[in-house]
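What the coordinates show
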Amino acid sequence: MTAERTGGKASRVRVEVDGRELELSNLDKVLYPSAGFTKGEVIDYYTRVAPVLLPHLRDRPLTRIRYPNGVDAPSFFEKNAPAGTPDWVRLERLPAPGSTKGREKLDYVVADDLPTLVWLANLAALELHTPQWRVGESPDMLVVDLDPGAPAGLPECSAVAVLMRNRLADDGIVSYPKTSGKKGMQLCCPIAGTQPADLVSAYAKRIAEELENAEPKLIISKMAKRLRPGKIFIDWSQNNAAKTTVTPYSLRAQATPTVSTPLTWSEVEEAGGGIPSTVRQFTSAEVLSRIDEYGDLMADLIDGGPEVPM
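Residues numbered from 1 in each chain as written. Predicted model: local features only at pLDDT ≥ 70, side-chain atom pairs only at ≥ 80, totals over all residues. Heavy atoms only, no water.

- Under the annotation held in an unreviewed UniProt entry, the protein chain carries the name Bifunctional non-homologous end joining protein LigD and is attributed to Micromonospora polyrhachis.

Here you go:
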């Protein structure tokens, strides 16, 4: 990335990213006040994490959560491409089920390259969320969201993650764990990409109900929040075609710049087994160090997997 000041204004910098020209603004603006983490640092993080993040974004229509005035100020979801989108950004016009503005179709951004990622970061698109399907295809990923009801936390999530991993393995499905970056965890499972979302969702629901029946004091599969305290809610509904899940390596809008972080199964097993563990909601700096150590722990997620049992 090369840069030059625009018109002598310190608040704007013109940069070249992989042959694309962008104008970045207000790089010193603090977006995470409690941590003093600036927009420039957000852009730097997304630039550095791009080699492992972009494969998980490729060909997936992107929903962004933007925080133009930082995480302590109002935010907004954005699916449609904003005004002023550069003509080199890939857009896909797709159906928009549940659109709050009553639109049948929207022009979704698809972040296939580093310039698009930097452009989004400059718009304070802190959180990146994608569906379980690629443009023009059926779901190629099954996602299970593990949501702890206080006082349950990551240790209990980890215990349930191991149970879910083992049960899915009985059907030949491989699971990859990650933190949500907020309070819970998620399992991402590559599947064949040949079955409709409602069938995948029904399968996830059936497995969640099986585990609830086996461990009723630990697991809940029903949506009612009043039933969740002290338990782990297995949210099977994430596999609905209209839903999205935070992408691996995306920042989250917390007090500190936490990240949805891939984990090793040994880390999860230790945490779930009551052994002192390093599993927590990791920050951006910690995630970059983990990538240096482990590479992309979810790299195999994009290679596809089996069909889910009927």
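**Some points on the layout of surface pockets**
- By volume, the second largest pocket is sized at about 420 Å³.
- Of all the elements, strand 11 (residues 141-148) adds the most residues to the lining of the second largest pocket, at four residues. (1 Å grid on protein atoms, 1.4 Å probe; cavity = no way out; pocket = protein on both sides within 12 Å on 5 of 7 lines; lining within 4 Å. Points joined across faces, edges and corners; volume = space filled by probe spheres on them. Helix = DSSP H or I, 4+ residues; strand = E, 2+ residues; numbered from the N terminus.)

**Observations concerning the sheet that holds strand 15 (residues 232-235)**
- The strand order across the open sheet formed by five strands is 12-13-11-15-14, and the pairing between neighbours is mixed. Strands with a single pairing partner mark the edges of an open sheet, and in this sheet they are strand 12 (176-179) and strand 14 (219-220).
- As paired strands, strand 12 and strand 13 (residues 185-190) are joined by four bridges and run antiparallel to one another. Directly across from Lys178, in strand 13, lies its bridge partner Gln186. (Pairing = 2+ DSSP bridges.)

**Some remarks on the side chain of Thr116**
- The residue Thr116 is located in helix 2 (residues 114-122) in this model.
- Among the polar contacts listed, one links the side chain of Thr116 to the side chain of Asp113, at a separation of 2.6 Å.
- Every residue in contact with Thr116, bar those within four places of it in the chain, is listed here: Trp88, Val89, Val109, Val110 and Ala111. (Polar contact = N/O pair within 3.5 Å; in protein donor to acceptor, adjacent residues only side chain to side chain. Contact = heavy atoms within 4.5 Å.)

**Some thoughts on the sheet that holds strand 7 (residues 76-78)**
- Taking strand neighbours across the sheet as the criterion, the four strands line up as 7-6-10-16 in an open arrangement whose pairing is antiparallel. Each edge of the open sheet is held by one strand with a lone partner, namely strand 7 and strand 16 (245-246).
- Bridge analysis of strand 6 (residues 63-66) against strand 7 gives three bridges, and the strand direction is antiparallel. Each bridged residue has a counterpart across the sheet, and for Ile65 the counterpart in strand 7 is Phe77.

**Some points on the packing of aromatic side chains**
- All told, the structure shown has two aromatic pairs when counted by the stated rule.
- Above the face of the Phe233 ring, Arg228 is positioned so that its terminal group lies 4.0 Å from the ring centre.
- The cationic tip of Arg290 hangs over the ring face of Phe282; the distance from NZ or CZ to the ring centre is 4.5 Å. (Phe/Tyr/Trp six-rings, centres within 6.5 Å; stacked < 30°, edge-to-face > 60°. Lys NZ or Arg CZ within 6 Å of the ring centre and 35° of its normal.)

**Let's talk about the pairing of strand 6**
- What you see with strand 6 is no split at all: Thr63 and Ile65 on one side and Arg64 and Arg66 on the other are buried throughout.
- Where strand 6 and strand 10 (residues 125-130) come together, four bridges link them in antiparallel fashion. Each bridged residue has a counterpart across the sheet, and for Ile65 the counterpart in strand 10 is Glu127. (Buried < 20%, exposed > 50% of the residue type's maximum accessible area, 1.4 Å probe, protein only.)

**Notes on the packing of helix 3 (residues 154-170) against helix 4 (residues 197-214)**
- Orientation of helix 3 relative to helix 4, taken along the N-to-C sense of each, is 120°, at an axis distance of 11 Å. One way to sum up the angle between helix 3 and helix 4 is to call them oblique. Crossing of helix 3 against helix 4: the hand is right-handed. Judged by residue contacts, Leu163, Met164, Arg167 and Leu168 of helix 3 engage Tyr203, Arg206, Ile207, Glu210 and Leu211 from helix 4.
- Tallied by class, residues from the contact of helix 3 with helix 4 come to six nonpolar, no polar and three charged. (Axes fitted to C-alpha atoms, helices over the stretch in contact; angles between N-to-C directions. Parallel < 35°, antiparallel > 145°, perpendicular 65-115°, else oblique. Left-handed = near helix turned anticlockwise from the far one by under 90°. Nonpolar A, V, L, I, M, F, W, Y, C, P; charged D, E, K, R; others polar.)

**Regarding the nonpolar core**
- Counting residues in each nonpolar core, the largest one holds 79 residues, and the members touching the most others are Val42, Tyr45, Tyr46, Val49, Leu146 and Ile234.
- Top element by residues in this core is helix 1 (residues 39-57). It accounts for 10 residues.
- Counting contributing residues, this core receives three or more from each of domain 1 (12-130) and domain 2 (141-302).
- Ignoring any residue separated from it by four or fewer positions in sequence, one finds Ile234 in contact with Val144, Asp145, Leu146, Val160, Met164, Ala208, Leu211, Ile219, Ile220 and Ser221.
- With seven residues, the next largest nonpolar core counts Ala96, Tyr108, Val110 and Trp133 among its residues. (Core = buried A, V, L, I, M, F, W, Y, C linked by side-chain atoms within 4.5 Å. Domains from an automatic or database assignment.)

**Considerations on the domain arrangement of the protein chain**
- Domain assignment breaks the protein chain into domain 1 (12-130) and domain 2 (141-302).
- When each unit is reduced to the centre of its C-alpha atoms, the spacing between domain 1 and domain 2 is 24 Å.
- Listed as interface residues are 24 residues of domain 1 and, on the opposing side, 26 residues of domain 2.
- Buried surface at the junction of domain 1 and domain 2, both sides included, amounts to about 2,200 Å², of which 64% is carbon and sulfur.
- Of all residues in domain 1, the largest losses of buried area upon contact with domain 2 belong to Tyr32, Tyr45 and His56, amounting jointly to 30% of the total for that side.
- Across the contact surface, domain 1 and domain 2 share one salt bridge.
- Put simply, Arg252 and Glu127 hold a salt bridge, and the shortest N to O gap is 3.3 Å.
- Scanning the region where domain 1 abuts domain 2 turns up 11 residue pairs in polar contact (both at pLDDT 80 or more). (Buried area = accessible area lost by both parts, 1.4 Å probe. Salt bridge = Lys/Arg side-chain N within 4 Å of Asp/Glu carboxyl O.)

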